[in-house]
Amino acid sequence: MSTGQTAQVRPGVVTVVLVNYKGAEDTITALKAFDDVEWPADQLELVVVENDSGDGSAEKIRAAVPHAHVVESGANLGFAGGCNLGVRHATGQYVAFLNNDARPGRQWIAAAVAELEQDASVGAVASKVLDWDGNLIDYVDGSLTWFGMGYKREVEKPDTGAYEVAKDVLFGTGAAMFVRTDLYRELGGFDERFFMFYEDVDLGWRLNLLGHRVRYVPESVAYHKHHVTMRKFGNYRESYLLERNALLSMFKNYDDESLARALPAAMALAVRRSVARSGLDATMLDLQRSPGGDDVGTVEVPKMALTGPLAIDYLVEQMPSSSSPAASCRRTDAEATATCCRCSVRRWNRRTACPTTSRRTRSWSRPSASPSTSRPATGSWS
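Residues numbered from 1 in each chain as written. Predicted model: local features only at pLDDT ≥ 70, side-chain atom pairs only at ≥ 80, totals over all residues. Heavy atoms only, no water.

Asker: Before we go on, may I ask you to explain the overall build of the chain in this structure?
Answerer: Along its length, the chain carries 10 helices and 13 strands. With the model as given, the accessible surface of the chain reaches about 16,000 Å², and the carbon-plus-sulfur share is 51%. (Helix = DSSP H or I, 4+ residues; strand = E, 2+ residues; numbered from the N terminus. Areas by Shrake-Rupley, 256 points an atom, 1.4 Å probe, with all protein chains shown as cover.)

Asker: Explain the environment of Ala-90 here, please?
Answerer: Among the structural elements, Ala-90 can be located in the loop between α3 (78–88) and β4 (92–98). The exposure class of Ala-90 is buried, given its relative accessible area of 0%. Separated by 45 residues in the primary sequence, Ala-90 and Glu-45 place their C-alpha atoms 7.7 Å from one another. Apart from the residues within four sequence positions on either side, Ala-90 is in contact with Ala-7, Gln-8, Thr-15, Glu-45 and Arg-185. (Buried < 20%, exposed > 50% of the residue type's maximum accessible area, 1.4 Å probe, protein only. Contact = heavy atoms within 4.5 Å.)

Asker: What's the story with helix α1 (residues 24–32) in this structure? I'm lost.
Answerer: Given 3.6 residues per turn, any residue in an α-helix points the same way as the ones three and four places further on. Every buried residue of α1 is listed here: Ala-24, Thr-27, Ile-28, Ala-30 and Leu-31. One face of α1 carries all of its buried residues, which in axial projection span an arc of 160°. (Arc of directions from axis to C-beta.)

Asker: I'm lost on the packing of aromatic side chains in this one. Help?
Answerer: Here a ring pair, both rings aromatic, is described through the centre-centre distance and the interplanar angle of the planes. Summed over all chains, the structure comprises 9 aromatic pairs. When the centroid spacing of 6.0 Å and the interplanar angle of 40° are considered together, the rings of Phe-79 and Phe-190 count as tilted. With Phe-79 in helix α3 and Phe-190 in the loop between α5 (181–187) and α6 (199–209), this pair connects stretches of sequence that are 111 residues apart. For the residue pair Phe-79 and Phe-190, the accessibility class agrees, reading buried in each case. Between Phe-97 and Tyr-184, the ring centres sit 5.3 Å apart and the planes meet at 45°, which makes this aromatic pair tilted. Note that Phe-97 is positioned in strand β4 and Tyr-184 in helix α5, a separation of 87 residues in sequence. Overall, Tyr-184 belongs to the buried group, its relative accessible area being 0%. When the ring centre of Tyr-223 is taken as reference, the NZ or CZ atom of Arg-103 above it lies at 4.5 Å. The side chain of Arg-273 reaches across the aromatic face of Phe-147, ending 4.8 Å from its centre. (Phe/Tyr/Trp six-rings, centres within 6.5 Å; stacked < 30°, edge-to-face > 60°. Lys NZ or Arg CZ within 6 Å of the ring centre and 35° of its normal.)

Asker: So what exactly am I meant to see when it comes to the nonpolar core here?
Answerer: Nonpolar side chains in soluble globular proteins tend to be buried together. Residues Val-16, Phe-97, Trp-108 and Ile-109 are the most contacted members of the largest nonpolar core, which totals 97 residues. Here this core gets 7 residues from one element, more than from any other, and that element is helix α7 (residues 235–253). (Core = buried A, V, L, I, M, F, W, Y, C linked by side-chain atoms within 4.5 Å.)

Asker: So what exactly am I meant to see when it comes to the confidence of the model for the chain here?
Answerer: A low pLDDT means the predicted coordinates there should not be read in detail. Across the chain, the average pLDDT comes to 86, with 81% of residues at or above 70. Segment residues 323–328 is flagged for pLDDT under 50; beyond a separation of four residues in sequence, or across chains, it makes 19 contacts in the model. Residue range residues 341–374 is modelled with pLDDT below 50. Its contacts to residues more than four positions away, or to other chains, number 117 contacts. (pLDDT = per-residue confidence, 0-100.)

Asker: Is there a simple way to think about the pattern of salt bridges in this case?
Answerer: A pair can form between side chains of opposite charge whenever their charged atoms are brought close. Applying the stated rule across the entire model yields 19 salt bridges. The partner of Asp-168 in a salt bridge is Arg-215, with the nearest N and O atoms 2.9 Å apart. Taken as a pair, Asp-168 in strand β10 (residues 167–169) and Arg-215 in strand β12 (residues 213–224) lie far apart in primary sequence, 47 residues in all. Note that Lys-252 and Asp-191 form a salt bridge whose closest N and O atoms lie 2.9 Å from each other. Here Lys-252, found in helix α7, pairs with Asp-191, found in the loop between α5 and α6; they are 61 residues apart in sequence, far enough to count as distant. Shared partners join several salt bridges into a network, and the residues in it are Glu-115, Asp-119, Asp-168, Arg-213 and Arg-215. (Salt bridge = Lys/Arg side-chain N within 4 Å of Asp/Glu carboxyl O.)

Asker: Which parts of the structure should I look at to understand the pairing of β4?
Answerer: Successive residues of a regular strand alternate their side chains across the two faces of the sheet. Of all 7 residues in β4, 6 are buried, a share of seventy percent or more. The sheet contact formed by strand β1 (residues 10–20) and β4 spans 5 bridges and is parallel. Of the residues in β4, the one forming a bridge with Val-16 is Ala-96. When β4 meets strand β11 (residues 176–180), the two strands line up antiparallel, connected through 5 bridges. Following the sheet pairing, Tyr-94 is matched in β11 by Arg-180. (Pairing = 2+ DSSP bridges.)

Asker: Would you mind showing me how to read the side chain of Arg-193 here?
Answerer: Positionally, Arg-193 belongs in the loop between α5 and α6. Of note is the side chain of Arg-193, whose polar atom sits 2.9 Å from the side chain of Asp-191. At 3.3 Å, the side chain of Arg-193 and the side chain of Gln-318 are in polar contact. (Polar contact = N/O pair within 3.5 Å; in protein donor to acceptor, adjacent residues only side chain to side chain.)

Asker: What should I look at first to understand α6 in this one?
Answerer: Burial runs high along α6: 11 of the 11 residues are buried. Where α6 ends, the next residue or the one after it, Gly-211, has phi of about 95°, a positive value.

Asker: What is the right way to look at the side chain of Glu-45 in this model?
Answerer: Here Glu-45 is to be found in strand β2 (residues 44–50). It turns out Glu-45 is buried and unbridged, and the closest side chain with the opposite charge, Arg-10, is 4.4 Å from it. In terms of polar contacts, Glu-45 uses its side chain to reach the backbone amide nitrogen of Thr-91, at 2.9 Å. Not counting residues up to four positions away in its chain, the partners in contact with Glu-45 are Arg-10, Val-13, Val-14, Thr-15, Val-16, His-89, Ala-90, Thr-91 and Gly-92. (Lys, Arg positive; Asp, Glu negative; His and termini not counted.)

Asker: Looking at this structure, I do not really get the pairing of β2. What am I missing?
Answerer: Of all 7 residues that make up β2, 6 are buried, and the element is covered over most of its length. Considered for its hand, the β-α-β crossover made up of β1, α1 and β2 is right-handed. For β2 and strand β3 (residues 69–72), the ladder comprises 4 bridges, and the chain directions are parallel. By the bridge assignment for β3, Val-48 is matched with Val-70. With respect to chirality, the unit in which β2 leads through helix α2 (residues 57–64) into the neighbouring parallel β3 is right-handed. (Right-handed = clockwise from strand over helix to strand, strands pointing away.)

Structural data, given as structure tokens:
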């Protein structure tokens, strides 16, 4: 998060940040839902970051919900950058993130704040998130593959009442979560290089490594529409962001020994997934299996086939800038992931340092796919 001037924190106040991009009607619906939330109006601040939609969204939102503070970003900062901009304007002791196509339950704020106030070791609260009708699970826990992809194992299962016990998790979904404002700013907020997808996984991972608990509170309920934002763009853009951000999250948060074992295989799988998704002929340059055509110097390649290779290229580009001073971890990798018994990452090793900002401490001079039945865990999946 930018180190620019930030607003002063007011004790007891909750700032809710929503990011709007060409979704004014959804955003207005979300904002108006706070009229039914059981929380004092004088302790609630609504901040909307208008992410340069270019369609008059800012004026529509201001007219429909005059008490909301609309911040115009001047550029599309993505979910991560939009949230960080909103937090710079936040005056609440606690900051909450809500997707613009979600709505809060009546106890969404009160239940989360109660947990934060009763236990100082809890740095963030992960809300229970249901579908718009309240019948199916969106988020009740966060899982993580060894190759850095966060996902929601229980997604689209019926809400049978089996997920009503509070517990520590590795990360919450940015679709509906709370963080202590000072802590969020101290950590640098969401890593803006992620733009969207897995920025919440990375934040939760960092929080846990630094000894701050992320607590799932089932009484804090929100309702979320699915997959609205990315339908406006090609599937290849989504796949690129997922591949890229998973690699970046691994690079930032794994200890050196684990990274050395996992990263080469993760990069190889990223390429293999891209080829498999696109149907690209991987033998086209093989003299034995695909002879001929030597007089043709170009080939048409689907954009989907480039998602993995370009994700790797982005990671390489970021390596020189991904070293920065960092404080010692309060937890080992094993201790951090032990709080998330359903996380699929195993055999973590001790590390000596970890990120307090959005960059990992490491100096550089130099297929198992993500579960097909589980939606990636991310606040920007809207």
